[in-house]
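Spelled out from the first residue to the last, the chains are:
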Amino acid sequence: MPATMPRHRSSRHRPAAGACPAGGRGRRRAGRRRARLLRDLGIRVGDGVGGRGLRLSGGATATRVAVSAPAGAAGATGVGAVGGLLRDLDVSLGASSLALQLTDGEVDGGRFEAAGGTAISVEQAPGLAASRLHGLRASGQTALMVTHGRATVDSALLRGSGQSAVVQVANSNAISGELRAILRQVTIVGDGRSTLQRGVEVRASSSGQHASAKLLDTIVAAVKRPLVRAAAAGDANIVTDHVAHGPLLAGDDPADPSRGTLSETAVLDVDPGFADLAGGDLRLRPGSPLIDAGRPDPLDIDEAATDLAGAARVSDGNGDGVAIRDLGAYESPAVAPPAPPAEPPPGPGEPATPASAPPASPAPAPPAAATPGADRRAPRLARLRLRGGARPRLTGRLDEPGRVTVTIRHGRRVVKTVTVSVRRAGAFTVTLPPRLRPGRYALAVRAADAAGNRSRATALRLLRRAR
Ligand SMILES: [Ca+2]
Ligand SMILES: [Ca+2]
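Here's a quick rundown of the structure. (Residues numbered from 1 in each chain as written. Chains lettered and ligands numbered in written order. Predicted model: local features only at pLDDT ≥ 70, side-chain atom pairs only at ≥ 80, totals over all residues. Heavy atoms only, no water.)

### Thoughts on the overall build of the protein chain
Then, number 1: Looking only at helices and strands, the protein chain has one helix and 27 strands in total.
Then, number 2: Among the 467 residues that make up the protein chain, the fraction classed as buried is 48%.
Then, number 3: A fraction of 59% describes how many contacts in the protein chain between residues 6 or more apart in sequence connect residues 24 or more apart.
Then, number 4: When the accessible surface of the protein chain is split by element, carbon and sulfur atoms take 51% of a total near 22400 Å². (Helix = DSSP H or I, 4+ residues; strand = E, 2+ residues; numbered from the N terminus. Buried < 20%, exposed > 50% of the residue type's maximum accessible area, 1.4 Å probe, protein only. Contact = heavy atoms within 4.5 Å. Areas by Shrake-Rupley, 256 points an atom, 1.4 Å probe, with all protein chains shown as cover.)

### Some remarks on the sheet that holds strand β21 (residues 381–387)
Then, number 1: Here we have three strands laid out as an open sheet, ordered β21-β22-β25, and antiparallel in their pairing. Each edge of the open sheet is held by one strand with a lone partner, namely β21 and β25 (426–431). This sheet shows a mean twist of 20 degrees between the axes of neighbouring strands, independent of strand direction.
Then, number 2: Two strands pair when backbone bridges link them, and β21 and strand β22 (residues 393–398) are joined in this way by five bridges, in the antiparallel orientation. Bridging across to β22, leucine 386 finds its partner in leucine 394. (Pairing = 2+ DSSP bridges. Axes fitted to C-alpha atoms, helices over the stretch in contact; angles between N-to-C directions.)

### Considerations on unusual backbone geometry
Then, number 1: Positive phi, normally seen in glycine, also occurs at glutamine 185, with a value near 55 degrees.
Then, number 2: With phi around 50 degrees, arginine 383 is a residue other than glycine that occupies positive phi space.
Then, number 3: Along the polypeptide, arginine 383 turns up in strand β21.

### Description of the coordination of the calcium ion (ligand 2)
Then, number 1: Protein-derived ligands of the calcium ion (ligand 2) are Asp292 (OD), Asp316 (OD), Asn318 (OD1), Asp320 (OD) and Val322 (O), with the metal-ligand distances lying across 2.0 to 2.2 Å.
Then, number 2: All donors to the calcium ion (ligand 2) come from one chain, and their sequence spacing reads D-x23-D-x1-N-x1-D-x1-V. One end of the pair, aspartate 292, is in the loop between β20 (281–284) and β21; the other, aspartate 320, is in the loop between β20 and β21, with 28 residues separating them in the sequence.
Then, number 3: Take aspartate 320: its relative accessible area is 48%, and that puts it in the partly exposed class. (Donors = N, O, S within 2.8 Å, 3.2 Å for Na, K, Ca; no water.)

### Some points on the nonpolar core
Then, number 1: Counting 59 residues, the largest nonpolar core has Leu86, Phe112, Ile120, Leu158 and Leu183 as its most contacted members.
Then, number 2: Among the elements that line this core, the one with the most residues is strand β8 (residues 106–122), at six residues.
Then, number 3: Look past the residues within four positions of phenylalanine 112 in its chain and what remains in contact with it is Leu89, Val91, Ala99, Leu100, Val107, Ala119, Ile120, Leu136, Arg137, Ala138 and Ser139. (Core = buried A, V, L, I, M, F, W, Y, C linked by side-chain atoms within 4.5 Å.)

### Description of the pattern of salt bridges
Then, number 1: Counted according to the given criterion, the structure contains 25 salt bridges.
Then, number 2: A salt bridge links aspartate 217 to arginine 295; the shortest N-O distance between them is 3.0 Å. Highlighted residues: aspartate 217 in strand β15 (residues 209–221) and arginine 295 in the loop between β20 and β21, separated in sequence by 78 residues.
Then, number 3: Judged by relative accessible area, which is 0%, aspartate 217 ranks as buried. (Salt bridge = Lys/Arg side-chain N within 4 Å of Asp/Glu carboxyl O.)

### Structural notes on the coordination of the calcium ion (ligand 1)
Then, number 1: Taken together, Asp292 (OD), Ser315 (O), Ile324 (O), Asp326 (OD) and Glu331 (OE) make up the protein donors of the calcium ion (ligand 1), found 2.1 to 2.3 Å from the metal.
Then, number 2: Here the donor residues of the calcium ion (ligand 1) share one chain and are spaced in sequence as D-x22-S-x8-I-x1-D-x4-E. For the pair shown, serine 315 and isoleucine 324 are each scored as buried.

### Regarding the pairing of β20
Then, number 1: Residues Leu282 and Leu284 of β20 are buried on one face, while the alternating residues Asp281 and Arg283, pointing to the opposite face, are not.
Then, number 2: Across two bridges, the pairing between strand β19 (residues 274–276) and β20 is antiparallel. Residue pairing in the sheet places aspartate 276 in a bridge with aspartate 281 of β20.
Then, number 3: Between β19 and β20, which pair antiparallel in sequence order, lie four residues; one of them, glycine 280, sits at a positive phi of approximately 90 degrees.

### Focus on the sheet that holds strand β27 (residues 458–464)
Then, number 1: Strand order in the open sheet made by the four strands is β24-β23-β26-β27, with antiparallel pairing throughout. At either margin of the open sheet sits one strand with a lone partner, and together these are β24 (413–422) and β27. Across the sheet, the mean angle separating the axes of adjacent strands is 25 degrees when strand polarity is ignored.
Then, number 2: With nine bridges connecting them, strand β23 (residues 402–410) and β24 associate as antiparallel partners. Bridged to threonine 405 within β24 is threonine 419.

### Regarding the layout of surface pockets
Then, number 1: Here the largest pocket defines a volume of roughly 620 Å³.
Then, number 2: Taken together, 35 residues form the lining of the largest pocket, with Ala312, Ser315, Ala334, Arg446 and Arg454 sitting closest to its centre.
Then, number 3: Where the lining of the largest pocket is concerned, the elements lending two or more residues are β20, β23, β24 and β26 (439–448).
Then, number 4: Counted by class, the lining of the largest pocket contains 18 nonpolar, seven polar and ten charged residues. (1 Å grid on protein atoms, 1.4 Å probe; cavity = no way out; pocket = protein on both sides within 12 Å on 5 of 7 lines; lining within 4 Å. Points joined across faces, edges and corners; volume = space filled by probe spheres on them. Nonpolar A, V, L, I, M, F, W, Y, C, P; charged D, E, K, R; others polar.)

### Section: a positive patch on the surface
Then, number 1: A contiguous patch of positive charge on the surface is contributed by Arg385, Arg387, Arg391 and Arg393.
Then, number 2: Along the polypeptide, arginine 393 turns up in strand β22. (Patch = residues over 30% accessible without salt bridge, like charges linked within 9 Å, V, L, I, M, F, W, Y side chains within 5 Å. Lys, Arg positive; Asp, Glu negative; His and termini not counted. Charge placed at Lys NZ, Arg CZ, Asp CG, Glu CD.)

### Remarks on the side chain of glutamine 168
Then, number 1: Considering the arrangement of structural elements, one finds glutamine 168 in strand β12 (residues 165–170).
Then, number 2: Within the local environment of glutamine 168, its side chain forms a polar contact with the side chain of glutamate 201, the two groups lying 2.5 Å apart.
Then, number 3: Once you skip the residues sitting within four places of it in the chain, glutamine 168 turns out to touch Leu144, Met145, Val146, Arg198 and Glu201. (Polar contact = N/O pair within 3.5 Å; in protein donor to acceptor, adjacent residues only side chain to side chain.)

Listed below in structure tokens is the structure:
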């Protein structure tokens, strides 16, 4: 992390209120200019206690801003945002610090680290804050805290350490109103050391306080107490749908229904099968029971179409021909279904093997990856052509047997994914859904062969007119 301010660009509208570096060395520049767009900036929080790196307000945007603190700086706040958009920020702070204090606004990508502190805190706003966070990594003692308003988190990796909750929805002050976290395709992991550590904790502490968490297609792992719900007053509610977590500790879900409920659908109590939990690689390894184990419905209207790595959210990761969400932040890439057993044509003069003959040479084939000369060549698509009308269809040619998948998006939302098997090289036709509403659609066409090699995606546009 550079401890300098290498570049500071793009203040298109001056002197509009907006983003300004607000601590340490940044403060001097802040006096000279205020920007609606900050980008490619490095900020170092001052040495003292309670420094702040950047304050963002009034709908400003910060892109690729890095905030760091010198070793020993304590109690710092990296970024404070009231509204606005934070894209690909990299905030890394030390002891008892807060990487991001969010009072409304949107976070797209980035990394927020607060060793021994809280990575992201969603706080009280005038009215109800509705913050949206997508595709980010956060780590600290607590990775996400919601003390007021509503935070929707998609495709994120939240890591916690020590004795705190990794995700906490709670406010110990006597405020009333809603505190709500919606976690969709989130991977929540602790360090698994302390029996006090909680995965997701929802706590209401005064009357009129409605604290809740909704977990969808989410993993809670490496914590002794995955879900904790408590209401001294008000109500505390947890809803889960297709969530993987270990067994709940006795007493973590109190019986009193007047103080809220825990409602769970399709719980998976299994080893998630992370690629390398200790090494921090929290993608799912091939064969993980959480691949294609999420909700089978189409994407929600506000649901992100990409995972934490930017890959398409809904892929057929187990090769059964049906694309379903995986659990957690990462979607496993599509794999081709197992190829049908090859039947070589009989040679000249050689009789065809009768159907009743015993199978020849049962020696199993070694895995494709270990076979010299294994198929590593991606299939090629050619002559793609879209035909509209009442029965829209896509035609083209594929240069080997395989499958063709068409992903249809409207804006960022995946409307439909259609996959067809192409049995032999040559022409193919994909029938598209006839009942698409009028509008402009973006199509991504991709082919895969039996060995799992995938072609590049070809982008096409489809316009459906009102009749
Ligand atoms: Ca999948
Ligand atoms: Ca599947």
